[in-house]
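Inside the fold
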Amino acid sequence: MKKRVFSGARPTGKQHIGNYIGAIQNYVALQDEYECVYCIVDIHALTSLENTERLQDNIYEMMLDWLASGLDPQKSILFVQSDVPEVMELHTLLSMVTPLSWLLRVPTFKEKAKSQPQNVNYGLVGYPVLMTADIILYKAEVVPVGEDQLPHLELAREITRRFNTLFGDTFLEPQAKLTNFPLVLGLNGNQKMSKTYDNHVELAATPDETRKKIMTAVTDPSRQYRSDPGHPNICNVFSLHGYFTPERTGEIETSCRKAGIGCVDCKKILAENINVYLAPLREKRLKLAENPKYIFDVMSDGAQRARNIAKETLLSAKQHMGLITPQI
Ligand code: SF4
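Let us look at the structure shown here. (Residues numbered from 1 in each chain as written. Predicted model: local features only at pLDDT ≥ 70, side-chain atom pairs only at ≥ 80, totals over all residues. Heavy atoms only, no water.)

What follows covers the environment of K3. On the secondary structure map, K3 appears in the segment before β1 (4-9). In this structure, the C-alpha to C-alpha distance between K3 and K177, residues 174 residues apart in sequence, is 12 Å. (Helix = DSSP H or I, 4+ residues; strand = E, 2+ residues; numbered from the N terminus.)

What follows covers empty space enclosed by the protein. All chains considered together, the criterion is met by one cavity of 30 Å³ or more. There is about 110 Å³ of room inside the largest cavity. At the level of elements, α11 (236-244), α12 (249-257) and α13 (263-289) are the ones that each hand at least two residues to the lining of the largest cavity. Of all the elements, α11 adds the most residues to the lining of the largest cavity, at three residues. Considered class by class, the residues forming the lining of the largest cavity number nine nonpolar, five polar and two charged. (1 Å grid on protein atoms, 1.4 Å probe; cavity = no way out; pocket = protein on both sides within 12 Å on 5 of 7 lines; lining within 4 Å. Points joined across faces, edges and corners; volume = space filled by probe spheres on them. Nonpolar A, V, L, I, M, F, W, Y, C, P; charged D, E, K, R; others polar.)

Attention shifts here to the pairing of strand β4 (residues 142-145). Put simply, side chains in a regular strand alternate between the two faces of the sheet. The alternating pattern of β4 places V142 and P144 and V143 and V145 on opposite faces, both of which are buried. Two strands pair when backbone bridges link them, and β4 and strand β5 (residues 175-178) are joined in this way by four bridges, in the parallel orientation. Each bridged residue has a counterpart across the sheet, and for V143 the counterpart in β5 is A176. What joins β4 to β5 is helix α9 (residues 150-167), and the crossover it makes is right-handed. (Buried < 20%, exposed > 50% of the residue type's maximum accessible area, 1.4 Å probe, protein only. Pairing = 2+ DSSP bridges. Right-handed = clockwise from strand over helix to strand, strands pointing away.)

In structure tokens:
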């Protein structure tokens with residue numbers, strides 16, 4: 001029996017190479033070793049979304065990219081959070097055993113409250129409770145996390161333990177699988193790659209769009225003239241070569257340090273290699289996009305499979321809490 005993994009990601013629409021390197025690649029790799037449950041967490045997104053106009057498009061495009069990248073609905077359960085309403089019910093039950101003080105001290109809550117003072121909503125405080133419900137509802141034994149997310153998982157484990165202590169063993173306590181989720185810098189070189197900063201390259205971009213985007217990338221700021229030696233260690237184009245041109249990084253590094261290669265040529269090599277690397281993914285995406293019904297079928301089948309697990313878990317939680325009316 002394979003262990004079950006759960007992971008969720010917000011519906012951010014078309015995915016970019018930062019999402020791919022930072023998360024999707026890992027998701028795909030885990031499929032062979034684990035039974036994976038991957039969820040697009042649309043309810044979580046509502047904690048900071050004031051406008052939901054693009055929500056459905058974003059979910060669709062994201063699932064399209066997941067499938068094109070190699071997530072396989074035959075191996076994994078792929079679904080949208082709100083299609084399994086049991087998660088909201090479990091969230092409410094868990095909220096009764098979670099002290100408010102635990103939630104108010106969460107650093108991400110404090111940061112969010114600062115960054116969106118006009119919208120410090122109830123859902124924002126309860127975010128970790130919903131996250132816990134996501135994980136334990138599907139009886140996930142393992143959650144892949146980066147080092148920085150360990151405290152979040154620890155809180156989920158604390159909430160789970162508290163429930164089990166109060167009402168008896170009901171839920172599996174999820175374990176962390178420390179995973180390397182590399183932080184990919186954007187083309188401006190000083191912020192995480194993100195659509196918000198428009199410093200990204202979409203997986204679905206055309207080769208020409210990719211070239212144009214890469215040509216805008218900031219390089220070593222101290223290299224003003226072609227004849228200046230460069231410093232690849234502070235150049236994000238060089239970091240991206242590490243993913244897309246791994247066999248030539250040594251040569252590029254040496255050449256850059258001696259001003260043997262100019263930044264324009266260096267970026268051209270990177271753009272071409274990104275295009276070569278992503279060509280099969282892009283081809284698959286175009287094919288998948290011809291049949292939107294298939295994408296919706298994947299989500300609906302995933303939700304059905306997820307619900308089968310969820311119903312069983314929720315029933316058990318309610319029984320343990322004494323919420324089921326006895327049948328005479
Ligand atoms: S040559 Fe390449 S690695 Fe060197 S500074 Fe320019 S873009 Fe960066």
